[in-house]
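Chains, contacts and geometry: an overview
For reference, the chains in residue letters:
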Amino acid sequence: MKDTEQSIIEAAILIFNEDLSAPLEKVADQAQVTRRTLHRYFKDRKELMDKCQKEIRKACAVAMSNAYNTTENPRERLEAMFYAGLDCGSKNTFLHKLHTLHDHKHQAANEECSEYDHTFELWKGNLQVLLTTGIINQGMTVDWIHNFFQSVVVVFINSQQKGALGRTDARQLAWFSFSKGIGI
């Protein structure tokens, strides 16, 4: 039962990351279930999207926290967290996309917005340390760097989907691009 639900969630993340308005039939096809089965688990698109966000926040927060705790060195922490973000891949970009839509009004008092902020709290805090100590180009802001990071994740995902580069090479190129882009 949980396997089917998880398959639907993973399919929804992939499909909605490409097209937020994609029909639920496309999600069902990707999950290899019928639309009727999809609706046994989720009554509508909103419930499915809410569950996707919850799963993503949980997975990305755990990955970022684990990476953060690997070292005390902020620069090494950044690299570990960067790779954790790459490993979250489409989950990471989907969550970011939902919170940067043109019709989304980000408010810290909103529970979903607060949970989004918490997911990336350690990442952004570490960026601030690196900015304050001058390790990162001080002409940048934390939000700019975070958005740049999200764009590098998108390029990484696209390269993987197209088979342009092997995973290891793509990870190294992504880190090279990001680290040089922020002046490390």
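Just so you know, these numbers come straight off a predicted model, no measurement behind them.

With that out of the way, let us pick up the overall build of the protein chain. A tally of regular secondary structure across the protein chain gives 10 helices and zero strands. In the protein chain, the succession of helices and strands from N to C terminus is α-α-α-α-α-α-α-α-α-α. Burial status across the protein chain gives 40% buried among its 184 residues. Contacts in the protein chain between residues at least 24 apart in sequence constitute 64% of all its contacts with a sequence separation of at least 6.

If you look at the biggest cluster of nonpolar residues, it comprises 51 residues, and the most contacted ones within it are Phe16, Val27, Leu48, Leu78, Phe82, Trp123 and Phe178. Counting only elements with at least two residues in this core, the list comes to helix H1 (2-18), helix H2 (24-31), helix H4 (45-68), helix H5 (74-88), helix H6 (90-98), helix H8 (121-132), helix H9 (142-162) and helix H10 (167-181). Counting contributing residues per domain, this core is built from domain 1 (1-42) and domain 2 (56-181), each supplying no fewer than three. Setting aside chain neighbours within four positions, we find Val27 in contact with Ile8, Ala11, Ala12, Ile15, Phe16, Leu38 and Leu48.

Let's shift gears to H5. Residues separated by three or four positions in an α-helix point in the same direction, a consequence of the helix having 3.6 residues per turn. Look at H5: 20 Å from first C-alpha to last across 15 residues, which is about the 21 Å you get at 1.5 Å a residue. Those residues of H5 that fall on the buried side of the exposure criterion are Arg77, Leu78, Met81, Phe82, Tyr83, Ala84, Gly85, Leu86 and Cys88. With a side-chain oxygen positioned 2.8 Å from the backbone nitrogen of Arg75, the residue opening H5 is Asn73. Looking at the residues trailing H5, positive phi occurs at Gly89, about 50°.

The next thing to look at is the packing of H9 against H10. Between H9 and H10, the shortest axis-to-axis distance is 10 Å and the interhelical angle comes to 160°. Viewed along their axes, H9 and H10 adopt a mutual orientation that is roughly antiparallel. Judged by the twist between their axes, the crossing of H9 over H10 is right-handed. Between H9 and H10, the residues in contact are Ile145, Phe148, Phe149, Val152, Phe156, Ser159 and Gln160 and Arg167, Ala170, Arg171, Ala174, Ser177, Phe178 and Gly181, respectively. Residue classes in the contact of H9 with H10 are distributed as eight nonpolar, four polar and two charged.

Mapped onto this numbering, the UniProt entry annotates "DNA-binding region" (unreviewed entry) at residues 23-42. Along residues 23-42 one finds 75% helix and 0% strand; the C-alpha atoms at either end are 14 Å apart.

Glycine aside, a negative phi is what most residues show, and trans is what most peptide bonds show. Unusually for a residue other than glycine, Gln32 sits at a positive phi of about 60°. Relative to the helices and strands, Gln32 resides in the loop between H2 and helix H3 (35-41). Judged by its relative accessible area of 72%, Gln32 is exposed.

It is worth spelling out the environment of Met81 at this point. Along the chain, Met81 turns up in helix H5. Placed 41 residues apart in sequence, Met81 and Leu122 show a C-alpha to C-alpha distance of 9.1 Å. For Met81, the residues in contact, after removing those within four places along its chain, are Met64, Ala67, Tyr68, Leu122, Trp123 and Asn126.

The computed volume of the second largest pocket comes to approximately 170 Å³. Lining the second largest pocket we find 12 residues, and of these Asn17, Thr93, Lys97, Val154 and Ile157 sit closest to its centre. Elements supplying a minimum of two residues to the lining of the second largest pocket: H1, H6 and H9. When residues in the lining of the second largest pocket are grouped by element, the largest group, five residues, is from H9.

Thresholds, definitions, all that
- Position labels on residues start from 1 in each chain and follow its written sequence.
- Under the rules for a predicted model, residues below a pLDDT of 70 receive no local features and side-chain atom pairs below 80 are neither given nor counted, while totals for whole chains, interfaces and linings still include all residues.
- Calculated side-chain values reflect all of the structure's heavy atoms, with hydrogen atoms and water omitted.
- By definition, any uninterrupted DSSP run of H or I lasting at least four residues is a helix, any uninterrupted run of E lasting at least two residues is a strand, and each is numbered from the N terminus.
- For every residue, the accessible area obtained with a 1.4 Å probe (protein chains only) is divided by the maximum for its type, and the residue is called buried under 20%, exposed over 50%, and partly exposed between those limits.
- Residue contacts are counted whenever heavy atoms from the two residues lie within 4.5 Å of one another.
- By nonpolar core we mean a set of buried residues, namely Ala, Val, Leu, Ile, Met, Phe, Trp, Tyr and Cys, connected to one another through side-chain atoms within 4.5 Å.
- As annotated, the domain borders come from an automatic or database domain assignment.
- Residue count minus one, scaled by 1.5 Å, sets the expected span of a helix.
- Pairs of N or O atoms are called polar contacts if they sit within 3.5 Å, as long as, within protein, a hydrogen donor faces a hydrogen acceptor (for residues adjacent in sequence, only side-chain-to-side-chain pairs).
- Here an angle of 0 to 180 degrees is reported between the N-to-C directions of two axes, which are lines fitted to C-alpha atoms, with helices fitted over the stretch in contact.
- Any angle that is under 35 degrees is reported as roughly parallel, and any over 145 degrees as roughly antiparallel; angles of 65 to 115 degrees are reported as roughly perpendicular and all others as oblique.
- Each crossing is labelled by how the near helix is turned from the far one, with a counterclockwise turn of less than a right angle marking it left-handed and a clockwise turn marking it right-handed.
- In this classification, Asp, Glu, Lys and Arg are treated as charged, Ala, Val, Leu, Ile, Met, Phe, Trp, Tyr, Cys and Pro as nonpolar, and every other residue, Gly included, as polar.
- UniProt positions are given in the numbering used here, feature names are shortened, and annotations may be inferred rather than shown by experiment.
- The rule is simple: put a 1 Å grid over the protein atoms alone, call a set of points where a 1.4 Å probe fits but cannot get out a cavity, call an open set with protein on both sides within 12 Å along at least five of seven lines a pocket, and count a residue as lining if it has an atom within 4 Å of a point.
- Grid points are joined across faces, edges and corners, and a volume is the space filled by probe spheres set on the points.

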